[in-house]
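Close look at the chain arrangement
Listed here are the chains, written in short residue letters.
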Amino acid sequence: MKNCDLTVKIGKMVLKNPVIVSSGTFGFGEEFEDFFDLNQLGAIIPKGISLKPMAGNPPPRIFETEGGLINSIGLQNPGFQEFIKNKLPYYRHLKTHLIINFFGNTQKEYVELARRFDRIPGISGLEMNISCPNIKKGGIVFGVDPQMAFPLVRAVRKATRLTLIVKLSPNVTDIALMAKSAEEGGADALSLVNTFRAMAINIHSKKPELGNIIGGLSGPAIKPIALRMVWEVHQAVKVPIIGIGGIMKAEDAIEFILAGASAIQMGTANLINPRAGIEVIQGIRKYFIQNKIDRIQKLIGAFG
Ligand SMILES: Cc1cc2nc3c(=O)[nH]c(=O)nc-3n(C[C@H](O)[C@H](O)[C@H](O)COP(=O)(O)O)c2cc1C
């Protein structure tokens, strides 16, 4: 039983275990290498990349709240060219999967980025962040309208042969509907959820706690809602699901797997404990041994 099989298949990728570190919470990886061997992770997802560099939102950009974190980083990133030149070479010596999180303000930008990343060796998969405003359609977020998400995913699908993961926003009424339109568009897998729109006010200054007023809530506060969404999506689609939302420990990860996730991502946890990812892998293994589970497939969606 010592050799329990934690490998999972997501599109064309075979992950050695289901634990992935999520976009925006693990820097570009290097920052964490003193804490553990990054090769032990199932995959790494660096900060989301856009075509051009982005400065992000005005400070303050992070506010800690009960059980969570509200961030309004605003997708700050160095842009495609700088990423390829100065960040990508770091990953060449790693023996884990590199999944690129990317986004655009128009369909054209999404397609262009997918096409460019497709040609670059060393990238295993693409994670499309569709929680971005479509500037051509008056700023409506792609990820809240299934009729906008479907053609977007279909166009990106045509631009790449890499494993395509669509990352869903939880800021919708019916996440299963969004999931189905992404699957129909050609997604190989879905990751959910991104952050929940949130805000906080300082009662003394009577000012917002974030420069942008609104940010995205993550961490343990969102876990039960994210879990419910994973379960709803699991009932609606056939493609693998990557569960995200407040996963801090192995027990949380196992809950998501039981709800139907084939793999999980950890975000806020990395900011609190840089070794959180590795500790969750160890905890999952321990659970498998204690419960005599030899393959993760036996656990996916197995609750009830
Ligand atoms: C500081 C910060 C930056 C983030 N940046 C990105 C990003 O660039 N792209 C993206 O798709 N998600 C981004 N996210 C969302 C996370 O990847 C994740 O979906 C979310 O935080 C929920 O997971 P958690 O509760 O484990 O943190 C960010 C989250 C945080 C806290």
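Here's what I pulled together on the structure shown here. (Residues numbered from 1 in each chain as written. Predicted model: local features only at pLDDT ≥ 70, side-chain atom pairs only at ≥ 80, totals over all residues. Heavy atoms only, no water.)

**Quick look at the nonpolar core**
The criterion, for reference: Within this scheme, the nonpolar core is defined by two criteria: the residues are buried Ala, Val, Leu, Ile, Met, Phe, Trp, Tyr or Cys, and they are joined through side-chain atoms within 4.5 Å. Using a 1.4 Å probe on the protein chains alone, a residue whose accessible area is under 20% of its type maximum counts as buried, one over 50% counts as exposed, and one in between counts as partly exposed. Helical segments are the DSSP runs of H or I of at least four residues, strand segments are the runs of E of at least two, and each set is numbered from the N terminus. Whether two residues are in contact is decided by their heavy atoms, any of which lying within 4.5 Å being enough.
Counting 102 residues, the largest nonpolar core has Tyr-110, Phe-117, Met-128, Ile-130, Leu-190 and Leu-192 as the members making the most contacts within it. Element by element, the count of residues in this core is highest for helix H3 (residues 146–159), at seven residues. Apart from the residues lying within four places of it in its own chain, the contact partners of Tyr-110 are Phe-102, Phe-103, Gly-104, Met-128, Asn-129, Ile-130, Cys-132, Phe-142, Leu-152 and Val-156.

**Brief notes about the pattern of salt bridges**
How we decide: The term salt bridge refers to a pairing of a side-chain nitrogen on Lys or Arg with a carboxyl oxygen on Asp or Glu at a separation within 4 Å.
According to the stated counting rule, one finds 10 salt bridges in the structure shown. As a salt-bridge pair, Arg-161 and Asp-118 come within 2.7 Å of each other at their nearest N and O atoms. Remark: Asp-118 occurs in helix H2 (residues 107–118) and Arg-161 occurs in the loop between H3 and strand S11 (163–167); sequence separation between them is 43 residues. Residues Asp-294 and Lys-298 are paired through a salt bridge, measuring 2.7 Å at the closest nitrogen-oxygen approach. For Asp-294, a relative accessible area of 32% corresponds to the partly exposed category.

**Remarks on the site of the ligand**
For clarity, the threshold we go by: Here a residue is considered near a molecule or strand provided that any single heavy atom belonging to it is located within 4 Å of it. Pairing of N or O atoms within 3.5 Å defines a polar contact, subject to two protein rules: one partner must be a possible hydrogen donor and the other a possible acceptor, and residues neighboring in sequence count only if both atoms are side-chain atoms. Areas reported as accessible are Shrake-Rupley estimates using a 1.4 Å probe. Residue values count occlusion only from the protein chains shown.
By nearness alone, 23 residues border the ligand, and Ser-23, Lys-167, Gly-219, Gly-246 and Thr-268 come closest of all. Here an oxygen atom of the ligand and a side-chain polar atom of Asn-101 are 2.9 Å apart. One nitrogen or oxygen atom from the side chain of Lys-167 is found 2.8 Å from an oxygen atom belonging to the ligand. Burial of the ligand by the surrounding chains reaches 97%, relative to a free accessible area of 610 Å².

**Re the sheet that holds strand S13 (residues 196–199)**
Note the cut-off: Strands are treated as partners if at least two bridges between them are detected by DSSP. Between the N-to-C directions of two axes lies an angle of 0 to 180 degrees, each axis being a line fitted to C-alpha atoms and, for a helix, fitted only over the stretch in contact.
Spatial ordering of the open sheet is given by S5-S6-S16-S13, a layout of four strands whose pairing is antiparallel. Edge positions in the open sheet fall to strand S5 (62–65) and S13, since each of these has one partner strand only. In this sheet, adjacent strand axes meet at a mean angle of 40° when their direction is disregarded. Pairing of strand S6 (residues 68–71) with strand S16 (residues 214–218), which is carried by three bridges, proceeds in the antiparallel orientation. For Ile-70, the partnering residue across the bridge sits in S16 and is Leu-217.

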